Amino acid sequence: MIRIDSVTKRYPDGTVAVDRLSLEIPDRSITVLVGPSGCGKTTTLRMINRMVEPSEGSILLDGVDIQAQPVNTLRRSMGYVIQNAGLFQHRTIIDNIATVPRLLGWSKERSRARAAELMERVGLDSSLARRYPYQLSGGQQQRVGVARALAADPPVLLMDEPFSAVDPVVRKGLQDELLRIQEELGKTIVFVTHDIDEAIKLGTMVAVMRTGGKLAQFAPPAELLSAPADDFVEDFLGTDRGIRRLSFFPSGALKLESGPVVPVDADAKKLAARGSADVPYLLVTDLDGKPLGWGAPQDLTAGEIAVGQLLPYGRPFVHGKDSLRAALDGAVLSPTGWSVGVDGTGRVVGVVSQAVIAEAIRNAHAEGRTDDEAKAVR
Amino acid sequence: MSGFFDIPSDLQHSYLGLIGLHLREALIPVLVGLLVSLPIAQLCVRFRWLYPPVLGVTTVLYAVPSLAFFVFLIDYTGQSETTVMIPLAVYSLVVLVPAIVDGVRSVPPETLAAATAMGLGAVRRYFQVQLPIAVPAIIAGLRVATVSSISLVSIGMLIGNQGALGNLLNDANIYHRPELAVNAVLTMAALAILADAALVLVRRVLTPWMPRKGAAR
Ligand SMILES: Nc1ncnc2c1ncn2[C@@H]1O[C@H](COP(=O)(O)OP(=O)(O)O)[C@@H](O)[C@H]1O
Ligand SMILES: [Mg+2]
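Residues numbered from 1 in each chain as written. Chains lettered and ligands numbered in written order. Predicted model: local features only at pLDDT ≥ 70, side-chain atom pairs only at ≥ 80, totals over all residues. Heavy atoms only, no water.

Novice: Summarise the sheet that holds strand 16 (residues 348-353) of chain A; cite the residues concerned and give the values.
Specialist: Sheet strands line up and pair through hydrogen bonds in the backbone, either parallel or antiparallel. All names here are of chain A. What the 3 strands build is an open sheet, ordered 14-15-16; its pairing is mixed. The strands lining the two open edges of the sheet, one partner per strand, are strand 14 (317-318) and strand 16. As paired elements, strand 14 and strand 15 (residues 338-342) share 2 bridges and run parallel to each other. Across the sheet, the residue bridging to Phe317 is Gly341, located in strand 15. Packing against the sheet, helix 13 (residues 324-333) makes contact with strand 14 and strand 15, and its axis sits at approximately 130 degrees to strand 15. (Pairing = 2+ DSSP bridges. Helix = DSSP H or I, 4+ residues; strand = E, 2+ residues; numbered from the N terminus. Contact = heavy atoms within 4.5 Å. Axes fitted to C-alpha atoms, helices over the stretch in contact; angles between N-to-C directions.)

Novice: So what's going on with the site of ligand 1? Residues and values would help.
Specialist: Residue and element names in this part refer to chain A. By nearness alone, every residue bordering ligand 1 is listed as Tyr11, Asp13, Thr15, Ala17, Ser37, Gly38, Cys39, Gly40, Lys41, Thr42 and Thr43. Contacts to ligand 1 include Gly38, whose backbone N or O atom sits 2.7 Å from an oxygen atom. In this structure, an oxygen atom belonging to ligand 1 sits 2.7 Å away from a side-chain N or O atom of Thr42. Contact with the protein chains hides 62% of the accessible area of ligand 1, taken as 560 Å² for the molecule alone. Among the elements that line the shell around ligand 1, the one with the most residues is helix 1 (residues 41-48), at 3 residues. Partitioning the shell around ligand 1 into residue classes produces 3 nonpolar, 6 polar and 2 charged. (Near = heavy atom within 4 Å. Polar contact = N/O pair within 3.5 Å; in protein donor to acceptor, adjacent residues only side chain to side chain. Areas by Shrake-Rupley, 256 points an atom, 1.4 Å probe, with all protein chains shown as cover. Nonpolar A, V, L, I, M, F, W, Y, C, P; charged D, E, K, R; others polar.)

Novice: So, helix 5 (residues 109-117) of chain B: which residues are in play, and what are the values?
Specialist: Within the sequence span of helix 5 of chain B, burial applies to Thr111, Ala113, Ala114, Ala115, Thr116 and Ala117 of chain B. On its buried side, helix 5 of chain B packs onto helix 1, helix 2 (71-76), strand 6 (78-82) and helix 6 (138-150) of chain A together with helix 6 (122-152) of chain B. One or two positions beyond helix 5 of chain B, positive phi appears at Gly119 of chain B, with a value near 90 degrees. (Buried < 20%, exposed > 50% of the residue type's maximum accessible area, 1.4 Å probe, protein only.)

Novice: Explain the nonpolar core to me, using residue names and the numbers behind them.
Specialist: Formed by 46 residues in total, the largest nonpolar core has its most connected members in Ile97, Met159 and Phe191 of chain A. For this core, the element with the most residues is helix 6 of chain A, which contributes 5 residues. (Core = buried A, V, L, I, M, F, W, Y, C linked by side-chain atoms within 4.5 Å.)

Novice: Go over the domain arrangement of chain A with me, naming the residues and quoting the values.
Specialist: Accessible area lost during the coming together of the parts is what is often quoted as the interface size. Residue and element names in this part refer to chain A. Domain annotation for chain A reports domain 1 (2-246) and domain 2 (261-367). Using C-alpha coordinates to define each centre, domain 1 is positioned 42 Å away from domain 2. Summed over both partners, the interface of domain 1 with domain 2 comes to about 470 Å²; 64% of that surface belongs to carbon and sulfur atoms. On inspection of domain 1 and its partner domain 2, the count reaches 0 salt bridges. If you look at where domain 1 meets domain 2, you find 1 residue pair in polar contact (both at pLDDT 80 or more). Here the side of domain 1 that touches domain 2 is composed, by residue class, of 2 nonpolar, no polar and 2 charged. (Domains from an automatic or database assignment. Buried area = accessible area lost by both parts, 1.4 Å probe. Salt bridge = Lys/Arg side-chain N within 4 Å of Asp/Glu carboxyl O.)

Right, dumping it as structure tokens:
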């Protein structure tokens, strides 16, 4: 565990970048520092590997002051990833990744073998090994940066806005990749960002900082969304925090109806049976069970279903894996007001109406409230 | 043009011998200048306030006429090659120090931060990161210094035929053989072009990591 104990950083020009900050960063999980530009995130991160020395207070790593060991030994036990990757432009990809193992005295072969292994882990093709950084895209360079930080298998990973400079699609890929890698490796990650959505997506714990280097709130993301500590945090979270909070409610509890689902080759009897009075629309699937679109029962004629005429089904959600937010999104996207639940392979499991989703949300809130009350009592 | 390559015997060298001598007198000072510039430049990078005064000093030294250097040095090093080469080495500083400082400063701050964060100490950072990345800028400086040194060697003729190919200019005058002057100028030009091309080649070899125009991604 990394323990930041009422740390203050005053730069020589008098700027107080961090002000009596205390944080307990749990092991083997991602802790995000988030806040507006200039609020002291980078300074905080750099105090953990002593690129910046605190003016007051102390930082303990597993109970031992980080001042206790030689600074370069400490740094080699902490991977560091930054915006624009900061790759060594004069070294090949594989040699960039092998930097810390080489510093630790590993042989050239062993270091390169390890680097090759990491390239695979972060999703880089081995054909890139002998390339130079300028020959890679921004997203690929960032992957190299992550691989380089992981090379000597450090227990701690410090990441300073690592994905801020790449475009949103690439960024999402990198975030997903980080979560996947983290699931495999279980590092203690301190991740800095100014993007609250990124913080909520990646963080097990999120520390919101405000200008002047003060901690505004330290909480799991769901709690941040449901109970922001003050106006600053609430503002920083943005306007649709209610909708975003739905991301933390699983869709598994939704009861899906399979009644209004018919295959495109359904016969007249089946159509008649499924199109009972209380179902306004039927979802037509292809022969594989994948959704094609919605139609009103009276408009569907056996053997002559015109796929092009069907109403759009929005965006299906993966039942049990996606959240209530995805389920609601699907329902809002379709003019029918119904959402389509699918399994991992995209085959329809069942459908659910806005009304049912709304009820599930109310139930989730009710459970959430009892949680919060329980905490207040404790 | 008979006698184009007939070198007067007072020079005590064949044509090729003069070329060898010329290269030696031109290149050794650049090399020495480089070795002196590297630590000076590093100090200037480390202590920013040092850079302007250092630049001022190198500029003033560059403005000292070589003849003045010769007058001063001749008491110590006599009418020798060394007396020619010392001012040339001093002159090279005016180009090399800023070239190296700019090169080292061109290392992106995030690259340096990454190096520090990975636990590279100051020495490793200098030799493994800053210096290699400064190579293109350093070689650009070396090209200017080398070409100017090749032409400046000629003034060595002022102290008793220590100007290598430059001595031919003097002899052209004494013996009324203008073709010797033409020879000297053309040969020096050719040497300058070849030395420059060699440095470009060295840069290519040392920096496979630089983006090339037209290179495929
Ligand atoms: N080396 C420095 N000297 C003086 N002030 C600095 C220095 N580094 C950062 N600061 C100031 O400290 C504050 C926090 O900076 P920083 O930690 O980089 O914030 P963030 O990473 O959250 O954008 C800012 O006001 C910044 O201008
Ligand atoms: Mg920052």
